[in-house]
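Coordinate analysis (summary)
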Amino acid sequence: CGHRCDGKHAALSLCSRGNSLPMIDGLFAMDYQVHSFRSHDGKASIREHCLRAVEIGLDELAFTEHKDFDPLDPVVGHFDYERFLREVEEARQEFGEVLAIRLGVEIDYQRWFERQIERYLRDHPFDFVMASVHYVRRVPIMSEQFVRNRSAEQAYAEYFDAVRDSVESGLFDVVGHLEYLAGIGVRDDPLHASTHVFKYGLGTVVLPRIFINILAE
């Protein structure tokens, strides 16, 4: 749709198709964490993802491609906004009658690049903007280096400090994969609240008591 949807309503906006929406078993089905070849770790094209979404009965799909800012990151230059926009528009032309398609991005948030991120988002409109913390103090979280001399409590404290910074920036609609540290075995108090737990063989989605208490408050 080419505009930035209000963060509170992004998942429900219907700007890519009409208001008559098919549902699966009475539920509105969506996936807002999809990477195509426009991300460095993508495994399929945007069109292939859309074909699969229609096949399994999804109503809405958001492509939240990785956008990195750290010059030390080997994939920092992979994302091409104009190509991404063109491919999403092509998909909307083909699938728009049966599938709502959102132009999204997953920002690799680090506080030192906040001004760059702000400028980038101002100049590149998205429907949906996700913040994900993959580095703490310039160290990749998914590395032995990060957890080597940290207890689980220290690792999570530093990680959630960075997550809090991303929230307080006011630049994002949502924060991604809060259970990220669980992927490398830091599991004393992980927030296993996404399907990534299945990817890493962690067994089940668990909301620990500390997180339930936060939600209750």
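Residues numbered from 1 in each chain as written. Predicted model: local features only at pLDDT ≥ 70, side-chain atom pairs only at ≥ 80, totals over all residues. Heavy atoms only, no water.

1. Looking at the packing of aromatic side chains
Geometry of an aromatic ring pair is reported as the spacing of the ring centres plus the angle between the planes. Within the structure shown, the criterion is met by eight aromatic pairs. Linked through ring pairs, Phe69, Tyr81, Tyr120 and Phe126 together constitute an aromatic cluster. The ring of Phe69 carries Lys67 above its face, with NZ or CZ at 5.2 Å from the centroid. (Phe/Tyr/Trp six-rings, centres within 6.5 Å; stacked < 30°, edge-to-face > 60°. Lys NZ or Arg CZ within 6 Å of the ring centre and 35° of its normal.)

2. Observations regarding the nonpolar core
Judged by nonpolar contacts, the single largest core of 43 residues is most densely connected at Cys50, Ile117, Leu121, Phe126 and Phe172. Breaking this core down by element, the ones donating at least two residues are helix H1 (46–56), strand E2 (60–67), helix H2 (81–95), strand E3 (100–108), helix H3 (114–123), strand E4 (128–132), helix H4 (144–147) and helix H5 (152–168). If near-sequence neighbours (up to four positions away) are discounted, Cys50 is found in contact with Leu61, Phe63, Ala91, Phe95, Leu99 and Ile101. (Core = buried A, V, L, I, M, F, W, Y, C linked by side-chain atoms within 4.5 Å. Buried < 20%, exposed > 50% of the residue type's maximum accessible area, 1.4 Å probe, protein only. Helix = DSSP H or I, 4+ residues; strand = E, 2+ residues; numbered from the N terminus. Contact = heavy atoms within 4.5 Å.)

3. A word on the confidence of the model for the protein chain
Overall, the predicted model of the protein chain reaches an average pLDDT of 79, with 71% of residues at or above 70. Across residues 1–21, where pLDDT falls below 50, the model places 52 contacts with residues more than four positions away in sequence or in other chains. Ignoring residues within four places in sequence, the model shows residues 188–195, a span with pLDDT below 50, making 28 contacts including any to other chains. (pLDDT = per-residue confidence, 0-100.)

4. A look at the packing of H1 against H2
Where H1 contacts H2, the two axes come as close as 9 Å, and the packing angle between them is 35°. For the pair H1 and H2, the crossing hand works out as right-handed. Residues Ile46, Arg47, Cys50, Leu51 and Val54 of H1 form the contact with H2, whose participating residues are Phe84, Glu87, Val88, Ala91, Glu94 and Phe95. When grouped by side-chain class, the residues that make up the contact of H1 with H2 number eight nonpolar, no polar and three charged. (Axes fitted to C-alpha atoms, helices over the stretch in contact; angles between N-to-C directions. Left-handed = near helix turned anticlockwise from the far one by under 90°. Nonpolar A, V, L, I, M, F, W, Y, C, P; charged D, E, K, R; others polar.)

5. Description of unusual backbone geometry
One non-glycine residue with positive phi stands out, namely Arg137, at about 55°. Relative to the helices and strands, Arg137 resides in the loop between strand E5 (135–136) and strand E6 (139–140). In this structure Arg137 comes out as exposed when scored by relative accessible area, which is 58%. With phi around 25°, His177 is a residue other than glycine that occupies positive phi space.

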